[in-house]
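# A look at the structure
Here is how the chains run, residue by residue.
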Amino acid sequence: MTRKIIGVLIIAAGITGCVSNKEELLYPGSSDCSTLNISFSADIQPIIQSSCAVAGCHDASSGNKGGPFINYTQIKNKATTIKNQVVAGKMPQGSTLTSNQIKLIRCWVEKGALNN
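The following refers to the structure shown. (Residues numbered from 1 in each chain as written. Predicted model: local features only at pLDDT ≥ 70, side-chain atom pairs only at ≥ 80, totals over all residues. Heavy atoms only, no water.)

## A short note on the nonpolar core
Counting 23 residues, the largest nonpolar core has Ile 44 and Trp 108 as its most contacted members. Counting only elements with at least two residues in this core, the list comes to α3 (40–51), α4 (72–77), α5 (79–87) and α6 (99–110). Counting residues per element, this core draws most heavily on α6, at six residues. For Ile 44, the contacting residues outside a window of four places in its chain are Ile 38, Ser 39, Leu 104, Ile 105 and Trp 108. (Core = buried A, V, L, I, M, F, W, Y, C linked by side-chain atoms within 4.5 Å. Buried < 20%, exposed > 50% of the residue type's maximum accessible area, 1.4 Å probe, protein only. Helix = DSSP H or I, 4+ residues; strand = E, 2+ residues; numbered from the N terminus. Contact = heavy atoms within 4.5 Å.)

This is how it looks when you write it as structure tokens:
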């Protein structure tokens, strides 16, 4: 009986050890931000307005944990959290972003989340 339990634990450890959440492995070719010229007003704000700052999520009257994402300051203050939630596929709830939109948000944050 003890051997069976040990065997099951070893197999479970092996299976869970194979899971990778490294972004570069999950999204090959998506890690290079150096060639992207990302603008908050032209690229990021439209994504946030159409996918996040909507009724019931992060609009002006938002009372949820993240608060409203209406202007640059609000978005900048939550930039890292937004990036992490978007990359993990947890936001936006009820819809999805394209891989390019995810990359734009990720790279914008990694480049300093500039107001440009």
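After that view of the structure, there is still more to cover.
## Examining the packing of aromatic side chains
Within the structure shown, the criterion is met by two aromatic pairs. Here the aromatic rings of Phe 40 and Tyr 72 are separated by 5.1 Å at their centres, their planes lie at 80°, and the arrangement is edge-to-face. Of this pair, Phe 40 sits in helix α3 while Tyr 72 sits in helix α4, and the two are 32 residues apart along the sequence. Taken as a pair, Phe 40 and Tyr 72 share a single burial class, namely buried. Put simply, the rings of Phe 40, Tyr 72 and Trp 108 pair up and form one aromatic cluster. (Phe/Tyr/Trp six-rings, centres within 6.5 Å; stacked < 30°, edge-to-face > 60°.)

## Brief notes about the environment of Gly 67
Positionally, Gly 67 belongs in the loop between α3 and α4. Residues Gly 67 and Cys 57, spaced 10 residues apart in sequence, show a C-alpha to C-alpha distance of 8.3 Å. Ignoring anything within four residues of it in the chain, the contact list for Gly 67 reads His 58 and Ser 62.

Function cannot be read off these values alone, since they describe shape.
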